[in-house]
Amino acid sequence: MKILVVGGGGREHALIQKLREDPRAETVYALPGNGGIGRDAVCAPIAATDIPGILAFAREKAVDFAVVAPDDSLAMGAVDALEAAGIPCFGPRQNAALIESSKAFAKELMKKYGIPTARFETFTEPDAALRYVQEQGAPIVVKADGLALGKGVTVAATVEEAQAAVRDCMEGGKFGAAGEKLVIEECLIGPEISVLALTDGETVVPMVSSMDHKRALDGDRGLNTGGMGTVAPNPYYTPQVAARCMEEIFLPTIRAMKAEGRPFKGCLYFGLMLTAEGPKVIEYNCRFGDPETQVVLPLLESSLLEIMLAVSQGRLSGTEVRFSGRSACCVVLASRGYPQHYEKGYPITLPETGPGEHIYIAGAAEKDGRLLTSGGRVLGAVAVAETLPEAIDRAYALADRIHFDNAFCRRDIGARALAALEG
Ligand code: AMP
Ligand code: GLY
């Protein structure tokens, strides 16, 4: 089979390596891919948001199956366009991708179907939003409605901070059209859990749980980033919590989307918070998480290609999705200065990887046979082991064998998970 993967980050590198384990994956293309992905797939410089370009490429190469990974491609209707051309896809259509691309839609859905989430109001007028913040007091959370590169959320400790966030979005145009509508919600407290769930619109199969580390610096300080590391499984996701999530959140969400005429096919990412009242939804993403995918897929024993085909053909209920029961840790190596200003173009030295070790490249370009840094998050060093402490030690040992100038990583990935295990 000829498989097309749309996207070009560490998540896509992990997806491609896993897809290639199935002998049916004869050729894998990546649009645009990156220098590291280019060692595992045929890359072409077509942006993940260039829907006509993607379509033309898929037709020219007579692609058999497409996997669309990024949020913006999905929100722009990449799956609809490919399917209309007769190319089966893994990923939600545009009308279902709305669950991520409009936070107001997601919140209204949860309200209508009684899915537990933070109390909220939506606003299109700054004055009303500012008044609401004043009435509710802090802490409070301000969210731009649309896609904002993961930076549209302000967890405000004070009323002033929340009001500044409202003004930035609605008057300052900080997120463009994505910020014209706002969701303002109650601040929830508790550990966060990421669950990536496979669904064909009827059946939902949660994959192994994980924990992201979103802040740039140790101790969850510094700015929010796309994710500085992950561990799986997440120790807070006990069998009891999992059972509640299935009953109260996963199944109701899948049924709600179907009832709304927006059946969701693909990977639905549940960002959960385990509050004193039980698990609640912080956010939905309409896709695989990054860097959650980098720890979840190495633990998957079944064929990812077979699972994805089953999802696209609506036969997930009869398909095996088996995980190894081991643990994984991903340490992201980033360019110093990320998520703000950073320099690019430094040569990367990669070691040989041993069993249970993976290096997923997120931001690197190939030049004259060398990999050069080209992004904020450069790569993820991943290790799989019998236990979480071993996985963490091995991921750091791998990260320490990788070199490029100006590299930095958090040194405490997994620390909170270990504390929870010991607690
Ligand atoms: P998001 O961009 O939606 O992933 O949100 C970024 C982060 O903001 C989440 O991972 C949470 O840590 C935090 N967050 C979002 N909503 C809330 C909330 N209602 N209460 C507390 N923290 C939140
Ligand atoms: N790791 C969070 C995300 O993919 O949005």
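Rules and cut-offs
- Residues numbered from 1 in each chain as written.
- Chains lettered and ligands numbered in written order.
- Predicted model: local features only at pLDDT ≥ 70, side-chain atom pairs only at ≥ 80, totals over all residues.
- Heavy atoms only, no water.
- Near = heavy atom within 4 Å.
- Polar contact = N/O pair within 3.5 Å; in protein donor to acceptor, adjacent residues only side chain to side chain.
- Areas by Shrake-Rupley, 256 points an atom, 1.4 Å probe, with all protein chains shown as cover.
- Helix = DSSP H or I, 4+ residues; strand = E, 2+ residues; numbered from the N terminus.
- Nonpolar A, V, L, I, M, F, W, Y, C, P; charged D, E, K, R; others polar.
- Pairing = 2+ DSSP bridges.
- Axes fitted to C-alpha atoms, helices over the stretch in contact; angles between N-to-C directions.
- Contact = heavy atoms within 4.5 Å.
- Phe/Tyr/Trp six-rings, centres within 6.5 Å; stacked < 30°, edge-to-face > 60°.
- Buried < 20%, exposed > 50% of the residue type's maximum accessible area, 1.4 Å probe, protein only.
- Right-handed = clockwise from strand over helix to strand, strands pointing away.
- Core = buried A, V, L, I, M, F, W, Y, C linked by side-chain atoms within 4.5 Å.

Chemist: What should I look at first to understand the site of ligand 1 in this one?
Modeler: In the neighbourhood of ligand 1, 15 residues make up the surrounding shell, with Glu 185, Glu 186, Leu 188, Glu 192 and Glu 283 lying closest. Within the contact set of ligand 1, a nitrogen atom lies 3.0 Å away from a side-chain nitrogen or oxygen of Lys 143. A distance of 2.3 Å is found between an oxygen atom of ligand 1 and a side-chain nitrogen or oxygen belonging to Glu 192. Summarising the interface, the protein chains cover 90% of the accessible area of ligand 1, which totals 480 Å² for the free molecule. Residue assignment for the shell around ligand 1 shows that the elements contributing at least two residues are strand 7 (140-144), strand 8 (153-156), strand 9 (182-186) and strand 17 (278-285). Class assignment of the residues belonging to the shell around ligand 1 gives a composition of 8 nonpolar, no polar and 7 charged.

Chemist: What exactly am I supposed to notice about the sheet that holds strand 7 here?
Modeler: Strand pairing in a sheet is mediated by backbone hydrogen bonds. Such pairs are either parallel or antiparallel. Spatially, 6-9-7-8 is the arrangement adopted by the 4 strands of the open sheet, whose pairing is antiparallel. Looking at the sheet topology across the chains shown, the edges are occupied by strand 6 (120-123) and strand 8. Here the strands of the sheet are splayed against their neighbours by 20° on average, with no regard to which way each runs. Looking at chain direction, strand 7 and strand 9 are connected through 5 bridges and run antiparallel.

Chemist: Can you help me understand the sheet that holds strand 4 (residues 65-68) in this one?
Modeler: Reading across the sheet, the 5 strands line up as 3-2-1-4-5 and stay open at both edges, with parallel pairing between neighbours. Of all strands in the sheet, those bounded by a partner on one side alone are strand 3 (42-43) and strand 5 (89-90). Across the face of the sheet, helix 1 (residues 10-19) comes into contact with strand 1 (2-7), strand 2 (27-32) and strand 4 while running at roughly 165° to strand 1. Against the sheet, helix 2 (residues 51-60) engages strand 1 and strand 2, with an angle of about 165° to strand 1.

Chemist: Where do I start with the packing of aromatic side chains in this structure?
Modeler: What characterises a pair of aromatic rings is the spacing of the ring centres plus the angle enclosed by the ring planes. According to the stated counting rule, one finds 6 aromatic pairs in the structure shown. With 5.1 Å between their ring centres and 45° between their planes, Phe 123 and Tyr 132 make a pair best called tilted. Taking relative accessible area as the criterion, Phe 123 reaches 11% and is therefore assigned buried. Among the aromatic residues, those joined into a ring-pair cluster are Phe 250, Phe 270 and Tyr 284.

Chemist: What should I look at first to understand the site of ligand 2 in this one?
Modeler: Every residue lining ligand 2 is accounted for by Asp 212, Gly 226, Tyr 269, Asn 285, Arg 287, Gly 289, Asp 290, Pro 291 and Glu 292. Backbone polar atom of Asp 290 to a nitrogen atom of ligand 2: 2.9 Å apart, as the coordinates give it. With respect to ligand 2, the side chain of Glu 292 contributes an N or O atom lying 2.8 Å from a nitrogen atom. For ligand 2, whose free accessible area comes to 200 Å², the fraction covered by protein is 88%. For the shell around ligand 2, the class distribution of residues is 2 nonpolar, 3 polar and 4 charged.

Chemist: Just checking my understanding: could you explain unusual backbone geometry for this structure?
Modeler: A negative phi angle characterises most non-glycine residues, just as the trans form characterises most peptide bonds. Cis peptide bonds are those with omega within 30 degrees of zero, and the linkage from Ala 232 to Pro 233 qualifies with -5°. Assignment of secondary structure puts Pro 233 in the loop between strand 15 (229-232) and helix 9 (239-259). Residue Asp 290 is joined to Pro 291 through a cis peptide bond whose omega torsion reads 10°. For Pro 291, the position within the fold is in the loop between strand 17 and helix 10 (293-296). Although it is not a glycine, Ala 62 sits at a positive phi angle of roughly 50°. For Ala 62, a relative accessible area of 45% puts it in the partly exposed group. The backbone of Asp 368 shows a phi angle near 50°, a positive value even though the residue is not glycine. Its place among the elements puts Asp 368 in the loop between strand 20 (364-367) and strand 21 (370-373).

Chemist: When you look at the pairing of strand 2 in this model, what are you seeing that I'm missing?
Modeler: Successive residues of a regular strand alternate their side chains across the two faces of the sheet. Across 6 bridges, the pairing between strand 1 and strand 2 is parallel. Across the sheet, residue Gly 7 finds its bridge partner in strand 2, namely Pro 32. The parallel pair strand 1 and strand 2, bridged by helix 1, forms a crossover whose chirality is right-handed. Alignment of strand 2 against strand 3, held across 2 bridges, turns out to be parallel. Residue pairing for strand 3: Ala 30 is matched across the bridge by Cys 43.

Chemist: Hey, could you run me through the nonpolar core in this one?
Modeler: As a rule of thumb, soluble globular proteins bury nonpolar side chains together. The biggest cluster of nonpolar side chains holds 52 residues, and the ones touching the most others in it are Leu 4, Leu 82, Ile 99, Phe 250, Phe 270, Leu 272 and Tyr 284. Top element by residues in this core is helix 9. It accounts for 9 residues. Once you skip the residues sitting within four places of it in the chain, Tyr 284 turns out to touch Ile 99, Glu 100, Ala 106, Met 110, Ile 115, Thr 253, Leu 268, Tyr 269 and Phe 270. Of all hydrophobic cores here, the second largest spans 43 residues; its members include Val 67, Val 208, Leu 297 and Tyr 360.

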